[in-house]
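Take a look at the letters that make up each chain.
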Amino acid sequence: MSEAIGYERVGDIAILAANNPPVNALGHDVRNGLVDGIARAEADGAKAVLIYGEGKTYFAGADIREFGKPPTQPFLPDVCTRIEASPLIVVSALHGTALGGGLEIALGSHFRIAVPTARVGLPEVLIGVMPGAGGTQRLPRLVGVDVAVDVITSGRQIGAKEALAMGVLDRVVEGTPREIGLAYAQELLDSGAERRAISEMPAPEAVDFDALYNMVLQKGRGQIAPALAVRGVQACCELPFEEGMKRERELFMELMASDQRQGMIHAFFSERAVGKLPELKGVAPRNLNAVGVIGGGTMGAGIATAALLSGLSVVMLEMTAEAAEAARGRIESNLGGALKRGKLSQAQFEDLTTKALTLATDYAALGDVDLVIEAVFEDMGVKKQVFTQLDAVCKPGAILASNTSYLDINEIAACTKRPADVIGLHFFSPAHVMKLLEVVVADKTAADVVATGFALGNRLKKTSVRAGVCDGFIGNRILSTYRTCADHMILDGATPYQIDKALTDFGFAMGPYAVADLAGLDIGWAVRKRKRAEGVDPRARDFTYADKLCEDGHFGQKTGTGYYVYQAGKRAGVPNPDVMPLIEADRAAQGLTPRDFSDDEIVRRYMAAMVNEAAKVVGEGIARRPLDVDVTLLYGYGFPRYRGGPLKWADMVGLPGLLSDMQDWAKEDGYFWQPAPLLEELVAEGRTFDDLNKETA
Ligand code: 3H9
C-alpha cells in the first residue's frame, strides 16, 4: 500500500483514507493506493469499502503538476473502473471540494454521502481539459444531458444541497466524513443494499449535439475544452459505456496536447504564485481594522464598498457634506447590488451603511484609521496636498496609500515624513467588482507595508500583483504601448472596428476601442495632453483624430457616442459615422496612403507590442517575474485566459519569430519597434519567459 492511502478495518468495512496534503490530489501514489486498497479489502473479507480524505478535503482532482509529463499507470479512468467493478459496496464520503477526478472517483463509487459544506464539480474546462476519468460518461447517466452539460461546460462548484437535489449525492449529513461514511456503509450493509454501478445504468436519449457543440463553442469565445466536453457527453448517449470511455480518453488527450491547456494551467499556477514574494517571507502585515478612503467618486466608492464587504470599517472623506452624501449614495447603490443578489441580508446592509461607514469632511476624522487610500483627482499637486495633510493627522504606523494609476509614488512619498509607510494600491474600476490590485512598491516602502497591501488584497478577495514605480506601473504602461500600436495601424489603413473584431476573435473580452469607449475617451485625451506637455520624442508618430473626436463631445459610453454609438438600453454599440472621416482627414494631413491589414497582421502587431513592452517591464524590474505581467493582463485587461497571458502566449508562439517581426517593422518605425533588451537576451540564449519564472520561483 502507498502511504498516500491508509488502510484500516472497522468491522465489515475497510476504510481507505487519503492523506496527500494539501488537497489530496490524485497523483501516482494515491491512484496506486486506491487500486491496492480495493484489492486488499476484497482479499481481506470486508463487505464494504469507505473512501474519504484526511485533512481539508476529499480528492480535489487529478494532480495537475503531473500534466504535460508522460502519464504513469494506473491511469485515473482505470482506477474509477476498478473501484466500480468491485463486488464490495463502495461508499465515498465527501467533504471540502470533490472536484474533477475527485468527483469521478466518487461517481465510480456505488454510494455518495457528503457533509453539508462539501462542494462538488467538474472544473476541468477551467484548466483547459475536460473530465477524463468517466465524468462525461457517468454524470449524464445519473443526472441527464442538460444538467451534465451545464456542470461540465461551466466547471462551476455545486453546493451539497444542490448536488443532492440533482442526484449526484445520495445523502447529506452533518459530521466528519469518516463518521458519516462509516454509519452509511453500515446501514447499507444492514439493509442488504446491492452495489450500484452508474456505468450499468441506461444512457440518456441523444439530443441535437451539433447545435449544442456550436452554441458552447461560441459562448467560449475561442476556448475549445467546453465544446469538446459536449462531444464526450454525446459519446455517452450514442456509444456503449466502454466505447464512450475510449472516446472520452481521446478527446481528453487532444486537449492535454493543446496550447490552451498549457495556457490555462499556467494561469492557475501563476495566480497562486503572484502573492508569494521571497521578500515577504516571514514578514507580518500590520493590523487592519479601520480604513479611510479619500474621494467618493466611482473609484473611491468602489474601494469603500469592497472594504465594507470585507468587514473593515470605513471613514469616507469628501470635500463637502453634499459630496460625502453623494458618496454614500454610490456606496449604497453598490451594496444594493449585493443585497439584490442575496449576498447581503437587509440587516447586514443596514449595519454596513450606518455603523461601519462614517462620512467626514475633516481630515481629523482619519486620525485613528490603520490605512488610508486616496482616490482623488489624478494631479500631482492635488495628491501632494492630500499626503501632506495625511502626514499631519494620521497616527504613527498608519499606512498612506495612493490609488493613482500612473503618478510617481516616490514623489508622493517624499512630501511626507514617513515615506516607509507610503505605498500605491492601484484598484481597477469598478473596484468592488474587478479582481486585480496592483501593489505599487516605492523605493522606501517598508516590507511590512507591502505585506499589508497583499493582506488587504486577500481580504478584499483580489488577486494582488507587486509592481514597481513607473508611468502606468505594469498594466497601464503595457496598455499604453499596445494601444499606440493599434492607433498606428489605424493611421496606416485599419479601422477601429476591424481591430476590435480581430482582437475579440483572438479571445479578448473587448477590443481596445470598445474598451476606450467604456473607460471614457476623455481619459486617453488627458493622458495625451499631459504627455505632449511633458515633451514627446519627435520620432514618435502622432495623430489628432482621437482628440478631435473628444473636442466634438464624443466621450464614449457616458455621452452615448465614442468610437461607437450606443442606443439606450444596449451595451454594444454600432460604428459612429463621425469617426472614419476624422481618421481619413488625419491620414490625408499626414500624407499617408491607407493599406489593407489582415486580421492576422493586426493580432501579430498588437501582441508583439504588448509582449515587447511587457519584456521591458520585467527587464526593468517593474514586474518581478513574467508571470506577474500575465496575471495583470488576465485579471485587469480582459486577456483570454486560455492563452495564459501575453508572455506565456509569446513563449508558445516562439520568441525568435516575434523578435524577427519587430526587427522587420523597425525598418518602417525604428522608434516604436525598439526590441526590449530582455527579449533579445532570451532569444540569443534560446530561453523563454517561463524559464525566467522558474528561475525566480
Ligand atoms: C482532473 O481532475 C482531470 C481528470 O478529470 C482526468 C484525469 C485523467 N493538483 O487553490 P489553493 C495546490 S483535472 C495539484 O491555494 P484553496 C495548489 O497549487 C483537476 N495541486 O487552495 C496550492 O499549492 P501551493 C480538476 C493542486 O483552498 C494548494 O494545492 N481539479 C491541485 O483556495 C492549495 O490550493 C481542479 O481543477 C491539483 N488538482 O482551493 C481543482 N489543486 O500551496 C483545482 C490545488 O503550493 N484546484 N493544488 O500554492 C482548486 O480549484 C483549488 O485549489 C481548491 C482549493 C478549490 C481545490
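This one's a predicted model, so the numbers in the text were calculated from it and none came from an experiment.

(A) Structural context of the overall build of the protein chain. Counting secondary structure elements, the protein chain contains 29 helices and 19 strands. The C-alpha radius of gyration of the protein chain comes to 28 Å, within 12% of the 26 Å expected for a compact globule of 697 residues. For the C-alpha atoms alone, the extent of the protein chain along its principal axes is close to 85 × 60 × 55 Å. When burial is assessed residue by residue, the protein chain has 54% of its 697 residues classed as buried.

(B) Seen up close, the site of the ligand. The environment of the ligand is formed by 28 residues, the closest being Gly101, Glu104, Glu124, Arg272 and Lys276. In this structure, an oxygen atom belonging to the ligand sits 2.8 Å away from a main-chain N or O atom of Gly101. Contact with the protein chains covers 76% of the free accessible surface of the ligand, which is 1000 Å². With 3 residues, helix α11 (residues 259-273) is the largest single contributor of residues to the shell around the ligand.

(C) Just a positive patch on the surface, in detail. Judged by side-chain charge, Arg341, Lys343, Lys435 and Lys461 come together as a positively charged surface patch. Along the chain, Lys461 turns up in the loop between α17 (447-459) and β17 (463-468). For Lys461, a relative accessible area of 64% puts it in the exposed group.

(D) Geometry of the packing of aromatic side chains. Applying the stated criterion across every chain, the model contains 17 aromatic pairs. For the ring pair Phe672 and Trp673, a centre distance of 4.9 Å and an interplane angle of 90° mean the geometry is edge-to-face. Given a relative accessible area of 14%, Phe672 falls into the buried group. Residue classification places Trp673 among the buried residues on the basis of a relative accessible area of 4%. Between Arg272 and the ring centre of Phe268, over which it is positioned, the NZ or CZ distance is 3.7 Å. Over the aromatic face of Trp525 sits the side chain of Lys529, whose NZ or CZ is 3.8 Å from the ring centroid.

(E) Representation of the pattern of salt bridges in the model. This model, assessed by the stated rule, comprises 50 salt bridges. Notably, a salt bridge pairs Asp471 with Arg530, separated by 3.2 Å at the nearest N-O pair. Taken together, the residues Asp471 in the loop between β17 and α18 (475-492) and Arg530 in helix α21 (residues 521-534) connect sequence positions 59 residues apart. The network of salt bridges with common partners includes Arg528, Arg532, Asp542 and Asp547.

(F) Focus on the pairing of strand β3 (residues 48-53). Here β3 lies mainly inside the structure; 6 of its 6 residues are buried. A two-sided burial pattern is seen for β3, the buried positions comprising Ala48, Leu50 and Tyr52 on one face and Val49, Ile51 and Gly53 on the other. By the bridge criterion, 6 bridges tie strand β2 (residues 13-18) to β3 in an arrangement that is parallel. Bridged to Ala14 within β3 is Val49. The handedness of the β2 to β3 crossover, carried by helix α1 (residues 28-43), is right-handed. Across 4 bridges, β3 lies against strand β4 (residues 89-94) in parallel orientation. Across the sheet, the residue bridging to Ile51 is Ser92, located in β4. In this fold, the crossover linking β3 to β4 by way of helix α2 (residues 76-85) has right-handed handedness.

(G) Representation of empty space enclosed by the protein. For the structure shown, the criterion picks out 1 cavity of 30 Å³ or more. Its volume calculated, the largest cavity comes out at about 30 Å³. Leu103, Val120, Gly121, Leu139, Val151, Ile158, Met166 and Val168 are the residues that line the largest cavity. Looking at the lining of the largest cavity, its residues break down into 7 nonpolar, 1 polar and no charged.

(H) Up close: the sheet that holds strand β5 (residues 97-99). Taken in spatial order, the 3 strands make up an open sheet running β5-β7-β8, and their pairing is mixed. Edge positions in the open sheet fall to β5 and β8 (158-159), since each of these has one partner strand only. The strands that helix α3 (residues 101-108) touches are β5 and β7 (119-121); relative to β5, the one it contacts most, it runs at about 85°.

(I) Region of interest: the nonpolar core. In terms of nonpolar packing, the biggest core is built from 102 residues, with Tyr563, Val629 and Phe689 touching the most fellow members. Counting residues per element, this core draws most heavily on helix α24 (residues 599-619), at 12 residues. Membership of the second largest hydrophobic core comes to 87 residues, among which are Cys80, Val90, Val120 and Leu188.

Calculation notes
Residues numbered from 1 in each chain as written. Predicted model: local features only at pLDDT ≥ 70, side-chain atom pairs only at ≥ 80, totals over all residues. Heavy atoms only, no water. Helix = DSSP H or I, 4+ residues; strand = E, 2+ residues; numbered from the N terminus. Rg over C-alpha atoms; globule rule 2.2 N^0.38 Å. Buried < 20%, exposed > 50% of the residue type's maximum accessible area, 1.4 Å probe, protein only. Near = heavy atom within 4 Å. Polar contact = N/O pair within 3.5 Å; in protein donor to acceptor, adjacent residues only side chain to side chain. Areas by Shrake-Rupley, 256 points an atom, 1.4 Å probe, with all protein chains shown as cover. Patch = residues over 30% accessible without salt bridge, like charges linked within 9 Å, V, L, I, M, F, W, Y side chains within 5 Å. Salt bridge = Lys/Arg side-chain N within 4 Å of Asp/Glu carboxyl O. Lys, Arg positive; Asp, Glu negative; His and termini not counted. Charge placed at Lys NZ, Arg CZ, Asp CG, Glu CD. Phe/Tyr/Trp six-rings, centres within 6.5 Å; stacked < 30°, edge-to-face > 60°. Lys NZ or Arg CZ within 6 Å of the ring centre and 35° of its normal. Pairing = 2+ DSSP bridges. Right-handed = clockwise from strand over helix to strand, strands pointing away. 1 Å grid on protein atoms, 1.4 Å probe; cavity = no way out; pocket = protein on both sides within 12 Å on 5 of 7 lines; lining within 4 Å. Points joined across faces, edges and corners; volume = space filled by probe spheres on them. Nonpolar A, V, L, I, M, F, W, Y, C, P; charged D, E, K, R; others polar. Contact = heavy atoms within 4.5 Å. Axes fitted to C-alpha atoms, helices over the stretch in contact; angles between N-to-C directions. Core = buried A, V, L, I, M, F, W, Y, C linked by side-chain atoms within 4.5 Å.

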